[in-house]
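# Structural features, examined
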Amino acid sequence: MKKKNKMNFSVLLISIVCVALLVAPVCNAVVKPTMLETLGKNHSLEIKKQLDNYPLQEGTEYWAVLFAVGVYYNNPDKDRPSMLEAVNDLYDVLIDSPQWQPDHIRMTTGEQATGKNLVKDLIWLIRNEDKDDMSLVYITTHGFPLKGPEGNPIDLPPRDEADGADEILVMYEGFDKWYAVIWDDLLNFFLSLLQSQGVCLIVDSCFSGGFNDSPMFEGFIPEEYTAETFTQGFVEDLATQGRVVLMSCREDELSYGSIFSDLLIEGFLGWGDVFGNGDGINSAEESFAFAKFWLDLFGEQHPTMLDLFPGEYPVTY
Ligand SMILES: [Ca+2]
Ligand SMILES: [Ca+2]
Ligand SMILES: [Ca+2]
Ligand SMILES: [Ca+2]
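Below is a summary of the structure that appears in this document. This one's a predicted model, so the numbers in the text were calculated from it and none came from an experiment.

Moving on, we come to the sheet that holds strand β3 (residues 134-140). If you trace the 6 strands from one edge of the open sheet to the other, you get β2-β1-β3-β7-β8-β10, paired in mixed fashion. Each edge of the open sheet is held by one strand with a lone partner, namely β2 (105-109) and β10 (304-307). Neighbour to neighbour, the strand axes of the sheet diverge by 5° on average, direction disregarded. Pairing geometry for strand β8 (residues 242-247) and β10, over 4 bridges, is antiparallel. Residue pairing across strands places Val244 opposite Asp307, the latter belonging to β10. In the packing of helix α5 (residues 115-128) onto the sheet, contacts are made with β1 (62-68), β2 and β3, and the angle to β1 comes to roughly 175°.

The side chains of a regular strand alternate between both faces of the sheet. Of all the 7 residues making up β1, 7 are buried; the element is thus mostly covered by neighbouring parts of the structure. Neither face of β1 is exposed, since Tyr62, Ala64, Leu66 and Ala68 on one face and Trp63, Val65 and Phe67 on the opposite face are all buried. Pairing of β1 with β3, which is carried by 7 bridges, proceeds in the parallel orientation. Residue pairing in the sheet places Ala64 in a bridge with Leu136 of β3. Crossover connection from β1 via helix α4 (residues 81-95) to parallel β2: handedness right-handed.

To continue, consider the sheet that holds strand β5 (residues 167-170). Reading across the sheet, the 3 strands line up as β4-β5-β6 and stay open at both edges, with antiparallel pairing between neighbours. Of all the strands in the sheet, just β4 (143-145) and β6 (181-183) have a single pairing partner and so form its edges. Each adjacent strand pair in this sheet contributes to an overall mean axis angle of 30°, direction not counted. Summarising the sheet, β4 and β5 pair through 3 bridges and their orientation is antiparallel. The partner of Phe144 across the bridge, within β5, is Ile168.

In this section: the environment of Leu263. Structurally, Leu263 is set in helix α9 (residues 259-274). Its 24 C-beta neighbours within 10 Å are what place Leu263 among the buried residues. For the pair formed by Leu263 and Phe288, sequence separation is 25 residues and the distance between their alpha carbons is 8.4 Å. With residues near it in sequence (within four places) discarded, Leu263 still touches Phe290, Ala291, Trp294 and Leu295.

Let us now look at the environment of Ala165. Of note, Ala165 is situated in the loop between β4 and β5. Sequence-distant contacts of Ala165, that is, excluding residues within four places in its chain, are made with Pro145, Leu146, Lys147, Pro153, Ile154 and Asp155.

What follows concerns the packing of α4 against α9. Where α4 contacts α9, the two axes come as close as 10 Å, and the packing angle between them is 10°. Looking at the two axes, α4 sits roughly parallel to α9. Residues Ala86, Asp89, Leu90 and Val93 of α4 form the contact with α9, whose participating residues are Ser261, Asp262, Ile265, Phe268 and Leu269. Looking at side-chain class alone, the contact of α4 with α9 contains 6 nonpolar, 1 polar and 2 charged residues.

What counts and how
Residues numbered from 1 in each chain as written. Chains lettered and ligands numbered in written order. Predicted model: local features only at pLDDT ≥ 70, side-chain atom pairs only at ≥ 80, totals over all residues. Pairing = 2+ DSSP bridges. Helix = DSSP H or I, 4+ residues; strand = E, 2+ residues; numbered from the N terminus. Axes fitted to C-alpha atoms, helices over the stretch in contact; angles between N-to-C directions. Contact = placed C-beta atoms within 7 Å. Buried ≥ 20, exposed ≤ 12 C-beta atoms within 10 Å, placed from the backbone. Right-handed = clockwise from strand over helix to strand, strands pointing away. Parallel < 35°, antiparallel > 145°, perpendicular 65-115°, else oblique. Nonpolar A, V, L, I, M, F, W, Y, C, P; charged D, E, K, R; others polar.

Below is the structure:
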């Protein structure tokens, strides 16, 4: 991930707020309570009515794994403190919304952000969630296409890359030890084991557009498939996973600072819905559209989305 100084981002945010004030004078703050006040009492009642009718099953729990590396063993020049700030901001915005509980969110950062711990976090998620739940995984670190010593692209099995290279994410020791990385197939494997009705993956890294791999196992019926495995519903559950993936840039692009995360979080704070359908819910799709609008305008990085979730994935109310 390329460094961008804080100054530039401050200018960006100020510009965003100014332009947003011009195009949406009804919204004079980014914090939710103020927004709701400005939307008026009648509108709030309407929102409440819609939330009451929101088609989520009783017993739906929201689970999250938030993972930010931000510091790198033996390579301080690669450190990106903005990643650690972004993950804290994301945590705050989630727990500010009633469906997210602190004991349902696992956050790993800095020196703890090793590949082993990411796998542990994902296993924790897999063991806790079930099929009427919603899961969210956020990862931010440096990313690269996987290449051999000669610079040749490498696509580990499954061979699923149009550009010939899997994408890798650098863990805490990743600039010191070549193997301290997680690649997209491995991440996709763990995500594909989730039974949640909705899975939202957010990746903020260079080349993150390569994390658009479809869930594994879909429509896949193994040879040893038996009546017993069918009654357990295992494969059926995997096949029904609705996934939405929000990525900070295209597969062949760099990502700057933590601007994508910061804008997405602004979306979750309320701007997503303000520029979206105004139903009181900041969905992943709406917040992505908000972030994409601004980043496309600047033209340096172009966020991408893989949306296999029917309807919209509700992130904050
Ligand atoms: Ca692959
Ligand atoms: Ca690729
Ligand atoms: Ca890929
Ligand atoms: Ca909405």
